[in-house]
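Next come the chains, spelled out residue by residue.
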Amino acid sequence: MGSHRNGFKKESYILSVDVGTTSIRCHVYDKEAKIRGSCSTKVVLLYPEVGHVEMDPDDLWKGFISVVKGAVQDAGIQMHQVEALGISTQRSTFTTWDRRTGVPFHNFISWQDQRAADLVKSWNRSCTMKAIHGAMKVLYFVTRQKRLLAASLIVFSTQHVTFRLVWVLTHYKQVCQAIDEGYCCFGTIDSWLLFKLTKGHLHATDYSNASSTGIFDSYQMCWMDHSLPMADQQAAMFGECCFDVGDVKITMGTGTFMDINTGSKPHTSVAGLYPLVGWKIGSEVVYLAEGNAADTGTAIKWAQKLELFSDVRETSTMAYSVSDSDGVCFVPSFSGLQAPLNDPKACASFMGLKPSTTKRHLVRAILESVAFRNKQLYETMLRETCIPITKIRVDGGVSSNDFVMQLTSDLFGKKIARPQHHEMSCLGAAFVAGLEVGFWRTREELKKLQSADDEFSPRCADKECTGSPNGEYVPILQSWERALRRSMNWYNKP
């Protein structure tokens, strides 16, 4: 694989960009999937009002171009040596723009944004929803189709695009006017970048991003497209080579996203797992079931701002330096609680503080809460999918914390593998793009490119390692679950 210029053969590469919640990263990959050059920049989040989380589209575009140029320069290569560009983006963050001029009507509205919380709440409590739930229960009783049971329990979430888009249509008259006159474009970050990269000639998305919005039917596969962008969690799943049914990927970054490969059929959930299109390559469609906790990295960064520690790398040592959290429990719900609790009105909280509590106890409580939420998601996944877990792989910045990894392994009663390369969204997008252009030929070839892993094995109280927590953590988990219940529905109180 290479390119010829002026009679000389030059190596070719894959360029991959990951647009995350807090940063934009670009890597240049060679044939062995080794990083030859990198560049990153921060994403500036805007908070114009309480609960509103936005990003400037033009700043995002400038950041995208900056990291691409920077990575190519860092690799010491020329742009014509790039065989393909893969793009991985955070999901369900969207904007609208003028098709004629390319000018956005408003900032990107982030997946973390809570402006539609009251609208979501009113719909979830509405007579219409009650009627839908009732009708679906009757149909389920008649047909015994699990999809109808899920529909009888479905609740809306602020993380889906639907109600944030309704909010936009209610508050921005220029958007409604543009829709009426036929020049309004709607899109997630991948759509915006494709529009800009093609100078307005392409307005598109892909299955993985579309299926994450809440306005795409993963069962019917309503949107048809063959573009190369990819949603971040699906890209991370591909980067981890979780190609087989029962493979589980846990990404712990700004939030935690736990995905299981469910094969050729979407999973129908009654507890808040979301059926997603993992990827579509040729005629093959692979589905995932996903549960998430929104505030993993957010909680750790918040603690750093409070000066509980100066360097995030200290936190594992701090947690291990005390035998327990001194009875302190932390509830990581700055953006509410997601599956299986599904409470957008829950608050973040410390409970059980006492005069003997130190910074080390607080840090341990925060890290324990990350592992406890992992356990909740994992148990929900096991209970709902009934799919035997074949392997568990982790990635994302928080996965570098050994305390969190070991406790998660203990609570799961399963071995967990952590790759040396943590940025799996970028690698996954590179893999998909590389397969498309023949840079890599098969998925088996991709598996062989995986770097050596760190492995965490459970320290189980019983020899069988059934997944039940060690005896020491049973009362701690019970206390934490009690704290969780007290934090729920907090913002509904007068």
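In this text, all values refer to a predicted model and were calculated from it rather than measured experimentally.

1. Side note on the environment of Gln112
Part 1: Following the sequence through the fold, Gln112 ends up in the loop between β9 (108-109) and α2 (117-124).
Part 2: Taking the relative accessible area as the measure of exposure, Gln112 reaches 9% and is therefore buried.
Part 3: With 234 residues separating them in the primary sequence, Gln112 and Ala346 have C-alpha atoms 14 Å apart.

2. Concerning the packing of helix α1 (residues 57-75) against helix α7 (residues 189-197)
Helix packing for two helices is described by the angle between their axes and how far apart those axes are.
Part 1: The geometry of α1 relative to α7 is characterised by a closest axis approach of 11 Å and an angle of 65° between their N-to-C directions. Compared by their axis directions, α1 and α7 come out roughly perpendicular. The crossing of α1 and α7 is right-handed. Between α1, through Pro57, Asp58, Leu60, Trp61 and Phe64, and α7, the contact on the second element is made entirely by Ile189, Trp192, Leu193, Lys196 and Leu197.

3. Digging into the nonpolar core
Part 1: By size, the foremost hydrophobic cluster in this structure holds 50 residues, and its most contacted members are Val248, Ile250, Met252, Met258 and Ile392.
Part 2: With eleven residues, helix α12 (residues 359-385) is the largest single contributor of residues to this core.
Part 3: Sequence-distant contacts of Met258, that is, excluding residues within four places in its chain, are made with Val248, Lys249, Ile250, Ala289, Glu290, Gly291, Asn374, Leu377, Tyr378, Met381 and Phe412.
Part 4: Counting residues in hydrophobic clusters, the runner-up holds 29 residues, among them Leu15, Val17, Val82 and Ile189.

4. Considering the domain arrangement of the protein chain
Part 1: The domain architecture assigned to the protein chain consists of domain 1 (11-112 + 188-229) and domain 2 (240-493).
Part 2: Counting residues at the interface gives 37 residues for domain 1 and 34 residues for domain 2.
Part 3: Together domain 1 and domain 2 conceal approximately 2800 Å² of surface at their shared face, both sides included; 63% is due to carbon and sulfur atoms.
Part 4: One can count three salt bridges joining domain 1 with domain 2.
Part 5: Linking Glu445 and Lys31 is a salt bridge whose minimum nitrogen-to-oxygen distance equals 3.3 Å.
Part 6: Run the count over domain 1 and domain 2 and you get nine residue pairs in polar contact (both at pLDDT 80 or more).
Part 7: Looking at the side of domain 1 that touches domain 2, the elements with two or more residues in it are β3 (13-19), β4 (23-29), β7 (82-89) and α8 (207-210).
Part 8: Of the residues that constitute the side of domain 1 that touches domain 2, the class distribution is 15 nonpolar, 15 polar and seven charged.

What counts, and where the lines are drawn
- Each chain carries its own residue numbering, running from 1 in the written order of its sequence.
- Predicted model: local features are reported for residues with pLDDT of at least 70 only, side-chain atom pairs are reported and counted for 80 or more only, and whole-chain, interface and lining totals are derived from all residues.
- The side-chain values count all of the structure's non-hydrogen atoms but skip hydrogen atoms and water molecules.
- By the criteria applied, helices consist of DSSP H or I runs no shorter than four residues and strands consist of E runs no shorter than two, each listed in order from the N terminus.
- Burial classification: accessible surface area is computed with a 1.4 Å probe over protein chains only, and a residue below 20% of its type maximum counts as buried, one above 50% as exposed, and the rest as partly exposed.
- Axes, fitted as lines to C-alpha atoms, cover a helix only where it is in contact. Angles between the N-to-C directions of the axes lie from 0 to 180 degrees.
- Note that the term roughly parallel is reserved for angles under 35 degrees, roughly antiparallel for angles over 145, roughly perpendicular for angles of 65 to 115, and oblique for everything else.
- Crossing handedness is read from the near helix: turned anticlockwise from the far helix by less than a right angle, it gives a left-handed crossing, and turned clockwise, a right-handed one.
- Every residue pair with non-hydrogen atoms within 4.5 Å of one another is taken to be in contact.
- What we call a nonpolar core is a set of buried Ala, Val, Leu, Ile, Met, Phe, Trp, Tyr and Cys residues that are connected through their side-chain atoms within 4.5 Å.
- Either an automatic procedure or a domain database provided the assignment from which the domain bounds are taken.
- Reported buried area values correspond to the accessible surface (1.4 Å probe) lost by two parts on association, with both partners' losses combined.
- The salt bridge criterion pairs a side-chain nitrogen of Lys or Arg with a carboxyl oxygen of Asp or Glu, the two atoms within 4 Å.
- Identification of polar contacts relies on pairs of N or O atoms within 3.5 Å, with a donor-acceptor requirement for protein atoms, meaning one able to donate a hydrogen and the other able to accept it, and with residues adjacent in sequence counted only if both atoms are side-chain atoms.
- The residue classification treats Ala, Val, Leu, Ile, Met, Phe, Trp, Tyr, Cys and Pro as nonpolar and Asp, Glu, Lys and Arg as charged. All others, Gly included, are polar.

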